[in-house]
Amino acid sequence: MKERRGRASAAGGTRKGRPPKLDKKVEEDLIAENQRLRMEMDYIKKLSALVLAEEQKNGKKQ
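J.: Sorry if this is basic, but what is going on with the overall build of the chain here?
T.: From N to C terminus, the chain includes 1 helix and 0 strands. Taken across its 62 residues, the chain has 0% of its residues classed as buried. Counting every atom, the chain has about 7000 Å² of accessible surface; 54% of that belongs to carbon and sulfur.

J.: For this particular structure, what's the right way to read a nonpolar patch on the surface?
T.: Taken together, Met41, Tyr43, Ile44, Leu47 and Val51 make up a surface patch of nonpolar side chains, about 470 Å² in accessible area. Note that Ile44 resides in helix α1 (residues 24-61). Taking relative accessible area as the criterion, Ile44 reaches 41% and is therefore assigned partly exposed.

J.: Would you mind going over the pattern of salt bridges with me for this structure?
T.: A side chain of one charge can pair with a side chain of the opposite charge if their charged atoms are brought near each other. Within the structure shown, the criterion is met by 2 salt bridges. As a salt-bridge pair, Asp29 and Lys25 come within 3.4 Å of each other at their nearest N and O atoms. Residue Asp29 and its partner Lys25 are both found in helix α1; the two are separated by 4 residues, about one turn of the helix. Taking the relative accessible area as the measure of exposure, Lys25 reaches 56% and is therefore exposed. For the salt bridge of Arg36 with Glu40, the shortest nitrogen-to-oxygen distance reads 3.3 Å. In this pair, Arg36 and Glu40 both sit in helix α1, 4 residues apart, roughly one turn of the helix.

Rules of the game
- Going along each chain's sequence as written, the residues are numbered from 1 onward.
- Selection of residues for local features in this predicted model requires a pLDDT of at least 70, selection of side-chain atom pairs for listing and counting requires 80 or more, and totals for whole chains, interfaces and linings are taken over all residues.
- Only hydrogens and water are set aside; all other atoms, that is, all heavy atoms of the structure, feed into the side-chain values.
- Every helix listed is a DSSP run of H or I at least four residues long, and every strand listed is a run of E at least two residues long, numbered separately from the N terminus.
- Here's how the labels work: a residue is buried when its accessible area is under 20% of the maximum for its type, exposed when over 50%, partly exposed in between, all with a 1.4 Å probe on protein chains only.
- Throughout, the Shrake-Rupley method with a 1.4 Å probe supplies accessible areas, and for residues the shown protein chains are the sole cover considered.
- Here a patch means residues that are over 30% exposed by relative accessible area and free of salt bridges, tied together within 9 Å if like-charged and within 5 Å if nonpolar (Val, Leu, Ile, Met, Phe, Trp, Tyr).
- A pair is scored as a salt bridge if a Lys or Arg side-chain nitrogen falls within 4 Å of a carboxyl oxygen belonging to Asp or Glu.

What follows is the structure, given as C-alpha cells:
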C-alpha cells in the first residue's frame, strides 16, 4: 500500500474548493430572485401574524 499525501487529482472526481464563477447575468438573476423570495417570506410572516391576531381578537369576543 502506498501512503497518499497532498492534493487529490482532478481526475479523482472529488473537487474541493470554490465552485466555478457564474456568468454576470446569471449571478444578477439569482440575487434578484433571492431578494424577491426574502420579501415574499417577510410578507407571508406579517400576513400570518395579522391573521392570527384577528383570530385571537374574534375568539375573545365570542
